[in-house]
Amino acid sequence: MSQQGYVATPPYSQAQPGMGGYPAGFGSSPAQPLYGHYGGQPQSFPAPPTGLMKPVSSPSGMPPPEVSSQYGSNIQQNGAHPQRYPAPPAAAAASPYGQPPNSPYHTIAPQAPAQQLTNQMGSMNLGYGPGPMQNPQASPTSPPAQQPFQTAPPPTMGQTTLGPPPTGPHSPQMAPPQSPLAGPSMGGHPSMGGHPSMGGHPSMGGHPSMGGHPPMGGMGRPVPGPPPPGSGGFQQPGPGAAGQPGYPQQPQGQFGGQMAGPGMAGPGMAGPFQGGAAHMSGPPQKKLDPDSIPSTTQVTEDDQAKRGGQVYTTNLRGQVPPLVTTDFTVQDQGNASPRFMRCTTYSFPCTADLAKQCQVPLGAIIKPFATVPKNETPLYFVNHGETGPIRCNRCKAYMCPYMQFIDGGRRYQCGFCNCVNEVPAFYFQHLDHMGRRVDLYERPELSLGSYEFEATLDYCKNNKPASPPAYIFMIDVSYANIKSGLVRLICEELKTLLDNLPREDGAESSTVKVGFVTYNKILHFYNVKSALAQPQMMVVSDTAEMFVPLLDGFLVNFQESRAVINNLLDQIPDMFADTNESETVFAPVIQAGVEALKTAECSGKLFIFHSSIPTAEAPGKLKNRDDKKLINTEKEKTLFQPQKGVYEQLSKDCVSQGCSVDLFLFPSQYVDLATMGDVPTHTGGSIFKYSNFQVEMDGEHFLSDLRKDVEKAIGFDAIMRVRTSTGFRATNFFGAIHMNNTTDVEMAAVDCDKAVTVEFKHDDKLSEETGALMQCALLYTTVNGQRRLRIHNLSLNCSAQLSELYKSCETDALINFFAKSAYRAMLNQPLKTVREILVNQTAHMLACYRKNCSSPSAASQLILPDAMKVFPVYLNSLMKTGPLVGSADLSTDDRAHQRLIATAMGVEDTQLLLYPRLIPLHNMDVASDVVPAPVRCSEERLTDAGMFLLENGRSLFLWLGQACPPELVQRVFNVPSFAHLPADLSSLPVLDNPQSKKLRSIIDSLLDQRPSAMKLLIVKQKDRSEMLFRQHLVEDKGPYGGASYMDFLCYVHCEIRQVLT
């Protein structure tokens, strides 16, 4: 990942004791309880020395009231969840250091001896904060743990602190509840320096199931170490944040004591966790309340409540938009809508050193064709005639709101490179008293963030006007597809689907041409010219030298040739009904499509419907290279690397012709998806996979995908360039793209769901005055064959204060960047290294926040920036995704598929994929139109009498508890009770009652919003199919390995402390 790190801000930054389920002493002595409300009034306090928390005083100046051990249940923490756990008794301090575990435990935290959880959590306080701190330098002399702790101040700047309330009559100083892991001071801790993985000590490495790997799949090299061999923009953080004043530098591995989090099988690990200093005796205590750790659902609800339904105007530089989950309307006033561009932070650091220090990646996720809702203005179209768009002579940036007109309007200064250009005579306009052009608001390119220009012939291939694109349907008619009924299903659907080919707004019919090919070991082309009475078939059996046997009649207008095409679609299933050919070719099929488009001199898309690994003798023949023995070894990465040669060349040919490939796969076994999916992923295409396809079970799912895919808004033969103002530049690009050089992003096609993630690096200083400007220019061919330029402009702030950067971070964009970087890095590095880098960089980002932006506080506090407080739950979820888990129970093709589809995802898609929506339906209000509010993605939220819908944009589950009320089951499924439900239900009956109608309308609206169709799986509690459902409960321990959210937060907290020491 990029060299930037994450820092936590004050709001998150105060660690609080008893933050849900974290073992408490991760280091220095436990913090005192702190509490305060989210978003309380900012107050300023003099900064106490490091290690002290600021005292809380009640408004009148009286000491805080005594609070009983039930932690002030009326106090709302982290949003709206009262905490429900007693303060950790101080007696726990007595337990000695390396005392042997009471018993090995084989499950996740909740089953661990309850007291050690509370103890560890008790000292791992959690605070959030965006606020700048008053005085970062605390006295370096006193080690933090020697002063009595005090509670934190009321939150400054929206800072939240979580933890137990103060007790005691005076300023709430009390002896810290000593937990087993809270030694005398940071210097005397079995800190993460004593981590097996972190310096070769026995500690978290004693994982039986993992053959002694360090936790987190080895996530724990000493953080400050040198980078592992980097690749793909994924570098290891440097020594950055070591050596905070007040924390003695700690030699690695001074203590052999094992430092264990509760059952902390890190991501990628499962199984019992033997031993560890956390297993200590001591008075039993209640389990911690998971409601106290930051909740994604709470964050999205709060943002919806605060900014939902509002108009977001884009007239301010560097303003952070509402979250992707919030409903809002955009009014373009000079910066591109967040639907088109979102950034990882809206305040860039002024220097490369600051960027390196904080390690927060500087990136933008650009979705140039994003769908604009009906209540927002579509993009304006600007035509400057034969002269074409006005551009800066030096950097070639297009005219936009950041150009400064001078000299009475006769010249303008480019906002990107500062070059002064003459204004062409036809474009001249006088300036008003403010120095702005009088026609400012009449010209979209001077007043809006996004607009389109008509492109002249200079922007066309060979200076010839472009032609409308073509769609070629290529159907595998081998034995498997005929037998399953797939070929007949496709042919029937195409008869009606072709009426819905994409067209320009207002056009009566589509100008997209269509063509048809069937194939197995050989290819069959069809002449469907409108003048023919019957379609004609032409066969090419020499797949080594592919050519298209007919020019005229292969690509036709559907409306004109409808009768011949329908005739053909009726004949295809019968023509091959008796086939017993099971071998297929694949590369020659793509080659044929490219050749056909080349001959017709147009761009277009191939829709390939394919069933098996191509084993027939032909270019691109593949062999089965799936080898489960490679999993969790250095060579695992080879499973995801496409086979070189033929397919690499094909991708280049496709891109240069503007030929995008969409692949619909129907495999019953391994097909080497890593290689077969390579061409689609480099040509702006999509990959759809239906394993063990059965028409009655999966037909509707496939047809919905096909309809969405054929009908969606799209541009062809596209080339994109991202220009920036001086001081920084785009260095890295992730997406379904092809790069021939370092600046031009080439896409054979780009549709409304495809996003390109761009990473920026400094090449000089940025100034706070001028900010950071970026312009994304996309040249493409429309569906009716026009060449156009689509421009998106965005201006960000720059700051020399890291607190500004952390305050304006966007977690959902950050996790999109991390996912794409990690999925690229796994092609070149072992998964263990990739996971280590992810955790490492996260720890660096949060440690930098802690060190530079948060108020001084005890080391035992976990402090997170308010804007990034839920980042750990997303990161942990990412590390539990199929591609990064390394489990032999997952199919290699499924892992490769998930890796490839994520590369082109936009921010809303990765957000939902990594934190699914879990919607309770058993108590929904049938009279209301509102979808019930989602709950946290954890098994603890499920109830035996409940019914829940879970969706992540790719899968859709309806989960039923065993005690689900019979009347609800009757109304939804038309059977008398839970026990009567058939095992393999995959659809809901259409019943005429309020519950059934409401549930079906919720599902329909979800399906409508998502880019791909989702097949509904109905899961009964304790059924075999529940495993599929459970892997999406991302706050729990992963079924294929990976920590629970709570354990992971502990782990990250340890890593942060490691960085700070």
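Values in this document were obtained by computation on a predicted structure and should not be read as measured data.

Draft legend 1. Up close: the sheet that holds strand S34 (residues 1016–1020). On the basis of which strands lie adjacent, the open sheet formed by 4 strands has the order S31-S32-S33-S34 and mixed pairing. Unpaired on one side and paired on the other, strand S31 (917–920) and S34 mark the two borders of the sheet. Between one strand axis and the next, the sheet turns by 20° as a mean value, whatever way the strands run. In the sheet, strand S32 (residues 947–951) pairs with strand S33 (residues 956–960) via 5 bridges, with the strands oriented antiparallel. When the bridges of S33 are listed, leucine 950 appears paired with phenylalanine 957.

Draft legend 2. Here's a closer look at the sheet that holds strand S7 (residues 341–343). Taken together, 4 strands build an open sheet; the order of strands is S7-S9-S27-S24 and the sheet is antiparallel. Of all the strands in the sheet, just S7 and strand S24 (728–734) have a single pairing partner and so form its edges. Recorded for the sheet is a direction-independent mean angle of 25° between the axes of neighbouring strands. Pairing of S24 with strand S27 (residues 756–762), which is carried by 6 bridges, proceeds in the antiparallel orientation.

Draft legend 3. Local environment of the side chain of histidine 897. By the secondary structure assignment, histidine 897 is in helix H20 (residues 892–902). In terms of polar contacts, histidine 897 uses its side chain to reach the backbone carbonyl oxygen of isoleucine 687, at 3.1 Å. When residues no more than four places from it in sequence are discounted, the contact partners of histidine 897 are Leu673, Ile687, Phe688, Lys689 and Arg954.

Draft legend 4. Region of the structure containing unusual backbone geometry. Despite not being glycine, asparagine 418 shows a phi value in the positive range, around 70°. Position of asparagine 418 relative to the elements: it lies in the loop between strand S12 (411–413) and strand S13 (420–422). A positive phi is found at aspartate 717, a non-glycine position, where the angle reads about 50°. In this fold, aspartate 717 is placed in strand S23 (residues 714–724).

Draft legend 5. Highlighting helix H4 (residues 296–307). The end-to-end C-alpha separation of H4 is 16 Å, in line with the 16 Å expected for 12 residues at 1.5 Å each. All of the buried residues in H4 are Thr296, Thr297, Gln298, Thr300 and Asp303. The positive-phi residue at the C-terminal boundary of H4 is glycine 309, with phi of around 75°.

Draft legend 6. Seen up close, the packing of helix H18 (residues 871–879) against helix H25 (residues 1045–1060). Interhelical geometry of H18 versus H25 gives an angle of 105° and a closest axis separation of 10 Å. In terms of orientation, H18 lies roughly perpendicular with respect to H25. Listed contacts from H25 to Pro872, Val873, Leu875, Asn876 and Met879 of H18 are Tyr1045, Phe1048 and Leu1049. Split by residue class, the contact of H18 with H25 holds 7 nonpolar, 1 polar and no charged.

Draft legend 7. Representation of the environment of serine 1001 within the structure. Within the secondary structure, serine 1001 is located in helix H23 (residues 994–1009). Serine 1001 sits in the partly exposed class, given a relative accessible area of 40%. Between the alpha carbons of serine 1001 and valine 931 there is a distance of 9.5 Å; along the sequence they are 70 residues apart.

Draft legend 8. Quick peek at helix H22 (residues 966–973). Here H22 has its buried residues at Leu968, Val969, Val972 and Phe973. Taken down its axis, H22 places every buried residue within 100° of arc, on the same side. Lining the buried residues of H22 we find S32, S33, H23 and S34. Remark: asparagine 974 follows H22 within two positions and exhibits a positive phi of approximately 65°.

Draft legend 9. Quick peek at the packing of helix H16 (residues 811–825) against helix H17 (residues 831–852). In the contact formed by H16 and H17, the axes pass within 10 Å of each other and the chain directions differ by 150°. Handedness of the H16/H17 crossing: right-handed. Residues Phe818, Ala822 and Ala825 of H16 pack against Val834, Leu838, Gln841, Thr842 and Met845 of H17. The residue inventory of the contact of H16 with H17, partitioned by class, reads 6 nonpolar, 2 polar and no charged.

Draft legend 10. Here's a closer look at the environment of threonine 833. With respect to the helices and strands, threonine 833 occurs in helix H17. Placed 199 residues apart in sequence, threonine 833 and glutamate 634 show a C-alpha to C-alpha distance of 9.8 Å.

Draft legend 11. Layout of the pairing of strand S29 (residues 787–799). Burial of S29 is extensive: 12 of the 13 residues sit out of reach of the surface. Here strand S8 (residues 347–349) runs beside S29; their pairing, made up of 3 bridges, is parallel. Directly across from proline 349, in S29, lies its bridge partner serine 799. One ladder, built from 5 bridges, connects strand S14 (residues 450–454) with S29; its direction is antiparallel. Bridge assignment links tyrosine 451 to a residue of S29, and that residue is isoleucine 791. Direction of pairing for strand S28 (residues 772–781) relative to S29: antiparallel, over a ladder of 10 bridges. Paired with tyrosine 780 across the strands is arginine 788, a residue of S29. The hairpin turn running from S28 into S29, its antiparallel successor, is 5 residues long, and glycine 785 in that turn takes a positive phi close to 85°.

Draft legend 12. Structural context of the side chain of serine 295. Counting through the fold element by element, serine 295 comes out in the loop between helix H3 (215–218) and H4. Reaching out from serine 295, the side chain makes a polar contact with the backbone nitrogen of glutamine 298 at a distance of 3.0 Å.

Draft legend 13. Highlighting the packing of aromatic side chains. For the coordinates displayed, the defined rule picks out 34 aromatic pairs. On the numbers, 5.2 Å between centres and 20° between planes, the contact of phenylalanine 666 with tyrosine 690 is stacked. Note that phenylalanine 666 is positioned in the loop between strand S21 (659–665) and helix H12 (673–676) and tyrosine 690 in the loop between strand S22 (687–689) and helix H14 (695–711), a separation of 24 residues in sequence. Overall, tyrosine 690 belongs to the buried group, its relative accessible area being 4%. Note on tyrosine 690 and phenylalanine 693: the rings are 6.4 Å apart at their centroids and 75° apart in plane angle, and the pair reads as edge-to-face. Taken as a pair, tyrosine 690 and phenylalanine 693 share a single burial class, namely buried. Counting every residue linked through ring pairs, the aromatic cluster contains Phe609, Phe664, Phe666, Phe688, Tyr690, Phe693 and Phe702. Its guanidinium or amino end placed over the ring of tyrosine 427, arginine 437 lies 4.4 Å from that ring's centre, counting from NZ or CZ.

Procedures and definitions
- Residues numbered from 1 in each chain as written.
- Predicted model: local features only at pLDDT ≥ 70, side-chain atom pairs only at ≥ 80, totals over all residues.
- Heavy atoms only, no water.
- Pairing = 2+ DSSP bridges.
- Helix = DSSP H or I, 4+ residues; strand = E, 2+ residues; numbered from the N terminus.
- Axes fitted to C-alpha atoms, helices over the stretch in contact; angles between N-to-C directions.
- Polar contact = N/O pair within 3.5 Å; in protein donor to acceptor, adjacent residues only side chain to side chain.
- Contact = heavy atoms within 4.5 Å.
- Expected span 1.5 Å × (residues − 1).
- Buried < 20%, exposed > 50% of the residue type's maximum accessible area, 1.4 Å probe, protein only.
- Parallel < 35°, antiparallel > 145°, perpendicular 65-115°, else oblique.
- Nonpolar A, V, L, I, M, F, W, Y, C, P; charged D, E, K, R; others polar.
- Arc of directions from axis to C-beta.
- Left-handed = near helix turned anticlockwise from the far one by under 90°.
- Phe/Tyr/Trp six-rings, centres within 6.5 Å; stacked < 30°, edge-to-face > 60°.
- Lys NZ or Arg CZ within 6 Å of the ring centre and 35° of its normal.

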